Amino acid sequence: MPPPETSLSGTDSQDIGGTRVSVLLPLPLAGPYDYRLDSESDILPGTFVRVPLGNRVTEGVLWGDGSGAVEDKRLKPVSEALPTVPLPEVSRRFVDWVANYTMTPPGAVLRMVMSVPEALYPPPTMTRYELAPGFDDHPPGFRETAARLSVIEQARAGPPRSAADLARDAGCSSGVVTGLADAGVLRRVEMTPPPPAAPDADAATITLSSDQAANAQVLADAVRRAAFEVFVLDGVTGSGKTEVYFEAVAEALRQGRQVLVMLPEIALGQQWRSRFRNRFGAAAVEWHSDLTQATRRETWRAVANGTARVVVGARSALFLPFPDLGLIVVDEEHDAAYKQEDGVIYNARDMAVVRARLSEIPAVLVSATPSLETLTNAEQGRYRALSLSERHAGAALPEVTTINMRDHAPAGGRWMSDSMLEAVEETLANGEQVMLYLNRRGYAPLTLCRACGHRFQCPQCSAWLVEHRLVGRLQCHHCGYNVPPPDSCPSCGAAGSLAACGPGVERLAEEARSLFPAARVAIAASDTLQSPRAAAEMIGKLEAGEIDIVVGTQIIAKGYHFPMLTLIGVIDADIGLSGGDLRAAERTFQMLHQVSGRAGRAERPGRVALQTYLPEHPVIEALGAGDRDRFITAERDSREAARMPPFGRLVALIVSGTDEALVERAAKALGRNAPTDKDLRVFGPAPAPFALLRGRHRRRLLMHSAKGVPVQGIVEKWLKRAGLPKKVRVQVDVDPYSFY
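Just so we're clear, the structure is a prediction, and the values are computed from it rather than from any experiment.

Q: What is the right way to look at the pattern of salt bridges in this model?
A: Two side chains of opposite charge can pair, provided their charged atoms sit close to one another. The tally for this structure, following the rule as stated, stands at 39 salt bridges. Where Arg225 meets Glu229, a salt bridge forms, and the shortest distance between an N and an O atom there is 3.2 Å. One connected set of salt bridges, linked through shared partners, spans Asp202, Asp221, Arg224, Glu251 and Arg254.

Below is the structure:
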C-alpha cells in the first residue's frame, strides 16, 4: 500500500503569506505550475483544485511542493479545493512514469486521467417518484382512471423511480405520473445516482477442467498474496481462459479490492458481458468511448470512490483513478488496438504491467496467440507462463486447409474459389453457419477509370478512396473525407467508365447472396456495427441461428462463441503479409489464428479454408499445419538475428506539418544531428508510407538501439540539437507498433 499522504500546510512559507505548492494542469505543458495556498488551508497532494491560468480558471491536481521557479510576488492563489476524493498517490506516480517513458508532457497524461471534468463536482440530483406517505386509497375528490391506478400500483410495489420508468411499467404517459405528483398522490424525491450493483464473488459456481482449476488456483493465490507478478495465460482458442481469470477476479472481490479487465473491443464485448453477469450476478462497470457523458461522469466517480468494484474497459480505462486496485487483466494482450497512436503514444498492455508494479498487484496477460514480446518475457523468467492446451468440454480444434489460388483461381468476377463454394454449400446443407472473413471494409478498396486509368485518391492523405456502396460514398479510412461517386471520370470526363477494383466485405456479401440466394447473409464490420447495441443485435442473431453466412472483418474475429458456426472461409489470407512492417507476419498469424478459432467451438467439428497465393509463406504453412510453435520459433530467430524488438529497441520520430518544404528541411536537420554511438543506428529521414495524412506532410526517422539503452535521454538531446521550427511537429513513438 502507498505511504500515507502528508499535509502541505505548515511549511516555511511565511514570507509569501501561505504555502508554495505545485499544481499539474491537464494541458500539454512542461510540468506543474507554482501557486500559493492560503496558510489556513490543510489539503493533501492529489487534491483536485481550481486555479487561475491566464484570464480563466481551470481544474488541476495539487502535485506537491512548489519549485520556487516563480517569484513570490507573482504567485497566484489556489482558487478552491474541489469536493471529490483526491487522486491516489499511485495514480500520480503512474502519470509521471508514463510521461517520462513516452516523452510526453505530464499534463497531457493527466488529461487522460481527468477525461471527465464534470465528475470533479457534486453529481446532479435526479427526480424520482414514490407514493406519498399516508396515501389514502380513496382520497376525497380523487378522480380514478385506469392509467392513474396502474401508476399507483407500480409506485406501491417498487422503489422510487423516474417518471419515464414508472410510466413505462404502468403502460401510460409520463404526464400521468407528474399529474399525480402535482395532486399530492406521489411524492418527488431528489436522489443522487445510485452506486453500481456490486458483483458477488460467489453468485455462481462453474465446473472447471483440471487444467483450468489448477491455473485458476495459481492466479487466486497471487491475488491473495497482493504482490507484483505478471502471468501469461496462454491457451488455445475455446480453452476457457476467461473462466480461469474470472476466479482471480472473484478472489479480488473477496479481498474487497477493485479489478480492471481490459478488452481490445470493449464496445463489442457482448458475450463477455453476459458471461460476467452469469458468473457474478451483476454487470461489470464499463468504460469506453461509446458511453454517454453522463454515464462516464458517474463511472469516473464510482471508480474514484471505490464503489465500482470491477471495471471492464478499453485502453483508456487504465488511467481511471482506482484507489484500491487488486488485479489487472489484459485480455487478447497481443491485439494492436492496445497501442494508442495519437496524442500520448503508449501501449496499454505494457503500461498495465507498469500500473500493476506500482500498485504491487498481479497482472494477467491473456491470449491464444501471445505477442513475441510477452513470450520472450516469459521465457526469460520475467513473466510466469500458464497454459491451457485443450478446448473446454472436449471440443476439437478446427481442421485447417489451404486453397492455392494459383491452381484454383475463381471464375471471372468472383472472389471465392470452387473449393470454397463447395465447402460453403456443404455447411449450409448441414444446417450450420459460415463466416467469410475478409479484413477490408466497404465494397472495393480502389475505384479507377477504365478509359484513362485515373485512381480516386484522398486529397488529404496518401490513400485511395474506398467505395462504400451501401451508403453511396467514396471514403478515406484515415481522415474521414468522403464524396459521392461521380457519374463520370473527373480526369477525362468519360461517362460510365468507373470500375470497382478488388473486394471488400460489401462486395463479398453481394457475391454470397448471388450464389446462395436462400441463405441469410449479414455483414459484420465497423461500418455496420457502429454501437454496442448494433453489435449485440448481430451477436444475438448469430447465436439464435438467424444468420446463415456472416461476412466480417477482424471485428468479428475476437473471442466470440457461436455453437453452430463450423466453417471459416478466409478469402484473402495474404492481406498484411507484404510491406515493410516489422510485425506484419506476426500480426497476420495472430489474426488468422484467432478468426480460425471461431469454428467448431461446441459439439460440431469445425474447419477453416484459407485462400492464398502464397501457400509457401511461413505464416500460411504454420496455420495449415496447426504448428504455432514453428512459426514463433522462426519469427523469434529472425528478430533476434536483426536485433529487432524484443531483442532490441526502436524509436520512431515522425516529422509533420502543412508546409512540405519546411517539413523536409526539419527532417534533414534531424538527420544531420542524429546521435552517433556504437549501440545506435538511425535510418532516414524518408517519406512516411503515408506521406500525406489528414492534410499534413510527413517524414520518418527510425532509431534502432541495443536492448538496454536509455533511449529517452538520447532522443531528448537529439531534438534540442536539431533546433526545429515551431511550425513543425515531431511525434516521438517509443516502441512503435505501426510504421505508416
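Q: Just checking my understanding: could you explain the sheet that holds strand β29 (residues 680-693) for this structure?
A: Strands belonging to one sheet form pairs held by backbone hydrogen bonds; the direction of such a pair is parallel or antiparallel. A sheet is described by the order of its strands in space; here four strands give the open sequence β29-β30-β28-β31, paired in antiparallel fashion. Lying at the two open borders of the sheet, with one neighbouring strand each, are β29 and β31 (729-734). Strand-to-strand twist in this sheet, taken as the mean axis angle between neighbours without regard to direction, amounts to 20°. Bridging between β29 and strand β30 (residues 696-705) involves eight bridges; their strand directions are antiparallel. Across the sheet, Leu693 pairs through a bridge with Arg696, a residue of β30. Relative to strand β28 (residues 649-657), helix α19 (residues 711-722) is tilted by about 30°, and along the sheet it contacts β28, β29, β30 and β31.

Q: Explain the packing of aromatic side chains here, please?
A: Here the distance between the centres and the angle between the planes together describe a pair of aromatic rings. If you walk through the whole model with that rule in mind, you get 11 aromatic pairs. Ring centres of Tyr245 and Phe246 lie 5.5 Å apart, and the angle between their planes is 90°; on these two criteria the pair is classed as edge-to-face. According to the relative accessible area criterion, Phe246 is buried, its value standing at 1%. Seen in terms of ring centroids, Trp272 and Phe276 are 5.3 Å apart; in terms of plane orientation they differ by 20°. Their pairing is stacked. With a gap of four residues between them, Trp272 and Phe276 both fall in helix α8 (residues 270-280), about one helical turn apart. The class for Trp272 is buried, based on a relative accessible area of 7%. Of the aromatic side chains, those joined through ring pairs into one cluster are Tyr245, Phe246, Trp272, Phe276 and Phe280. Over the ring of Phe280 we find Arg279, and its NZ or CZ is 4.6 Å from the ring centre. Positioned above the aromatic ring of Tyr737 is the side chain of Arg583, whose terminal nitrogen or guanidinium carbon lies 3.9 Å from the ring centre.

Conventions adopted
Residues numbered from 1 in each chain as written. Predicted model: local features only at pLDDT ≥ 70, side-chain atom pairs only at ≥ 80, totals over all residues. Heavy atoms only, no water. Salt bridge = Lys/Arg side-chain N within 4 Å of Asp/Glu carboxyl O. Pairing = 2+ DSSP bridges. Helix = DSSP H or I, 4+ residues; strand = E, 2+ residues; numbered from the N terminus. Axes fitted to C-alpha atoms, helices over the stretch in contact; angles between N-to-C directions. Contact = heavy atoms within 4.5 Å. Phe/Tyr/Trp six-rings, centres within 6.5 Å; stacked < 30°, edge-to-face > 60°. Buried < 20%, exposed > 50% of the residue type's maximum accessible area, 1.4 Å probe, protein only. Lys NZ or Arg CZ within 6 Å of the ring centre and 35° of its normal.

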